[in-house]
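Descriptive analysis of the structure
The primary structure of each chain is shown beneath.
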Amino acid sequence: APWQQAALAWSGLGEPYQHAVALFRLGEAALADRGDREVAAQALHGAAETAGRLGARPLMEQVSLLAERAGIALPRPVSQSPAGLGLTRRESEVLRLICAGMTNAAIARDLLISVKTVSVHVSNVLAKLGAASRGEAAAIANRLRLFETVASG
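Residues numbered from 1 in each chain as written. Predicted model: local features only at pLDDT ≥ 70, side-chain atom pairs only at ≥ 80, totals over all residues. Heavy atoms only, no water.

**Focus: the packing of helix α5 (residues 89-99) against helix α6 (residues 104-111)**
With their axes 10 Å apart at the nearest point, α5 and α6 run at an angle of 130 degrees to one another. In this view, α5 runs oblique relative to α6, as classed from their interaxial angle. At the point where α5 passes α6, the crossing takes the right-handed sense. Across the interface between the two elements, R90, E93, V94, L97 and I98 from α5 touch I107, D110 and L111 from α6. (Axes fitted to C-alpha atoms, helices over the stretch in contact; angles between N-to-C directions. Helix = DSSP H or I, 4+ residues; strand = E, 2+ residues; numbered from the N terminus. Parallel < 35°, antiparallel > 145°, perpendicular 65-115°, else oblique. Left-handed = near helix turned anticlockwise from the far one by under 90°. Contact = heavy atoms within 4.5 Å.)

Shown next, in the form of structure tokens:
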């Protein structure tokens with residue numbers, strides 16, 4: 001109940017980020033205290049929508065991780081695309097190849113650029129995603145479903 005009251009209060013004050021944080025905490029509490037998946041799902045959906053709209057990547061990561069652990073599917077926010085994360089087209093290509101497990105040398109060969117240029121792109125990708133390593137960047141891209149394709153049928 002306290003997190004629900006906090007979410008309502010922040011919403012009433014016109015503070016969307018704080019509202020999203022309170023919704024995230026409400027989702028956490030609902031899962032931990034009562035195992036109330038319906039309340040948790042609603043709270044996490046609201047938190048994800050607001051975090052995505054605001055471009056609040058660290059909060060979005062927390063919401064996505066909790067939802068994943070709880071088995072709650074979140075809709076993919078519009079801003080969760082490589083461009084929505086501030087990645088250039090080339091940085092997006094480099095991230096896609098990082099996700100495929102390619103080394104800088106292999107990426108350079110594939111994209112017909114120098115290894116040093118790949119290194120610069122990798123550094124930019126890590127900074128923009130707030131990732132400490134290539135593996136973490138790939139995990140973020142995977143959680144955000146950046147490179148999923150829709151099967152035609």
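**Concerning the packing of helix α7 (residues 115-129) against helix α8 (residues 134-143)**
Contact geometry for α7 and α8: axes closest at 10 Å, N-to-C directions at 55 degrees. Taken as axis vectors, α7 and α8 run oblique relative to one another. You can see that α7 and α8 cross each other, and the crossing is left-handed. In contact with V122, L126 and L129 of α7, α8 contributes R134, A137 and I140. Looking at side-chain class alone, the contact of α7 with α8 contains five nonpolar, no polar and one charged residues. (Nonpolar A, V, L, I, M, F, W, Y, C, P; charged D, E, K, R; others polar.)

**Side note on the environment of A139**
Relative to the elements of secondary structure, A139 occurs in helix α8. The class of A139 is partly exposed, set by a relative accessible area of 29%. C-alpha separation for the pair A139 and C99, spaced 40 residues apart in sequence, amounts to 8.0 Å. (Buried < 20%, exposed > 50% of the residue type's maximum accessible area, 1.4 Å probe, protein only.)

**Considerations on the layout of surface pockets**
The space that makes up the second largest pocket amounts to roughly 160 Å³. The wall of the second largest pocket is formed by 13 residues, among which R57, P58, E61, L129 and I140 lie closest to the centre. Elements supplying a minimum of two residues to the lining of the second largest pocket: α4 (57-70), α7 and α8. For the lining of the second largest pocket, the element with the most residues is α4, which contributes four residues. Split by residue class, the lining of the second largest pocket holds six nonpolar, two polar and five charged. (1 Å grid on protein atoms, 1.4 Å probe; cavity = no way out; pocket = protein on both sides within 12 Å on 5 of 7 lines; lining within 4 Å. Points joined across faces, edges and corners; volume = space filled by probe spheres on them.)

**Digging into the pattern of salt bridges**
Applying the stated rule across the entire model yields four salt bridges. Here R90 ties to E93 by a salt bridge, and the two come within 3.0 Å at their closest N and O atoms. Note that R90 and E93 are positioned in helix α5 at a spacing of three residues, about one turn of the helix. Classification of R90 by relative accessible area gives partly exposed; the value is 24%. (Salt bridge = Lys/Arg side-chain N within 4 Å of Asp/Glu carboxyl O.)

**A few points about the nonpolar core**
Most often, soluble globular proteins keep nonpolar side chains buried together rather than apart. Grouped together as the largest cluster of nonpolar side chains are 45 residues, with contacts concentrated most on L44, L59, V63, L95 and L129. Contributions of two or more residues to this core are made by α2 (16-34), α3 (37-54), α4, α5, α6, α7 and α8. Leave out the neighbours within four places in its chain, and L129 touches L85, L95, A137 and I140. (Core = buried A, V, L, I, M, F, W, Y, C linked by side-chain atoms within 4.5 Å.)

**Notes on α8**
Listed in full, the buried residues belonging to α8 are A137, A138, I140 and A141. Down the axis of α8, the smallest arc covering the buried residues is 160 degrees, so these residues share one side. If you follow the buried residues of α8, they end up packed against α4, α5 and α7. One or two positions beyond α8, positive phi appears at R145, with a value near 55 degrees. (Arc of directions from axis to C-beta.)

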